[in-house]
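# Topology and contacts: notes
Listed below are the residues making up each chain.
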Amino acid sequence: MTDTYERPEFRLTPSPSAESRAFWSGGERGELLIYRCHDCGHFFHPPAPACFRCRSRDVAPEPVSGRGVVATYTINRQPWLPTMPPPYVIVLVELDEDRDVRIFSQLVDVDPEAVRIGDRVEVFFEHWPAPGDTEVWLPLFRPERARA
């Protein structure tokens, strides 16, 4: 772990929908909110009005630990945005609560060349203004720190 992450001056941010609003706003309370089906019990992402497994509409966002493992990753080496100089790591994280739930994000505080599939990671949030006078808390990941 490098602890060298510097917040960029600018990020592209989403326009939350009715279903995704909880995902993008849960970070205000330090919670990663993922939809869960109350009939079959599975978590799922991206958010939707019905469970893709059993088609139940009895679904709602619930907090998860925000801990998981690197399922795969890529090291971006292209300067797409001037506020995000390369290299940086784009990661697909499998959440501990349900390995079928995977979240794309950025992995920070790590040497890009040291990232490996299976590395333990944890979520943290960046607060940003978003389109339409809204705010979002982007879930980013860093190497998991020792639990207290």
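Structure first, text after, so check above.
If you're wondering where the values come from, they're calculated on a predicted model, not measured in any experiment.

## Considerations on the sheet that holds strand E1 (residues 32-37)
- Taken in spatial order, the three strands line up as E2-E1-E3 in an open sheet, and their pairing is antiparallel. A single partner strand is all that each edge strand has here, and the edge strands are strand E2 (43-44) and strand E3 (59-64).
- Examined bridge by bridge, E1 and E3 share six bridges and lie antiparallel to one another. Residue pairing in the sheet places Cys37 in a bridge with Val59 of E3.

## Observations regarding the pattern of salt bridges
- In total, this model carries 13 salt bridges according to the counting rule given.
- With a shortest N-O distance of 2.8 Å, Arg11 and Glu126 are connected by a salt bridge. Of this pair, Arg11 sits in the segment before helix H1 (21-25) while Glu126 is found in strand E7 (residues 120-130), placing the two residues 115 residues apart along the sequence.
- Of the residues examined, Arg11 reaches a relative accessible area of 9% and is grouped as buried.
- Residue classification places Glu126 among the buried residues on the basis of a relative accessible area of 3%.
- Note that Glu122 is salt-bridged to Arg142, the shortest N-O span being 3.3 Å. Here Arg142 lies in strand E8 (residues 134-143) and Glu122 lies in strand E7, a separation of 20 residues in the sequence. Judged on exposure class, the residue Glu122 and its partner Arg142 are both buried.
- Put simply, Arg67, Asp96, Arg120, Glu122, Arg142 and Glu144 are held in one network by salt bridges that share partners.

## Topic: the packing of aromatic side chains
- Counting across every chain of the model gives four aromatic pairs.
- Each ring, one from Phe23 and one from Trp24, has its centre 4.8 Å from the other, and the planes form 80°; the classification is edge-to-face. Comparing Phe23 with Trp24 shows no difference in burial state: the two are buried.
- With centroids separated by 6.3 Å and ring planes inclined at 85°, the aromatic side chains of Phe44 and Phe52 adopt a geometry described as edge-to-face.

Conventions and cut-offs
Residues numbered from 1 in each chain as written. Predicted model: local features only at pLDDT ≥ 70, side-chain atom pairs only at ≥ 80, totals over all residues. Heavy atoms only, no water. Pairing = 2+ DSSP bridges. Helix = DSSP H or I, 4+ residues; strand = E, 2+ residues; numbered from the N terminus. Salt bridge = Lys/Arg side-chain N within 4 Å of Asp/Glu carboxyl O. Buried < 20%, exposed > 50% of the residue type's maximum accessible area, 1.4 Å probe, protein only. Phe/Tyr/Trp six-rings, centres within 6.5 Å; stacked < 30°, edge-to-face > 60°.

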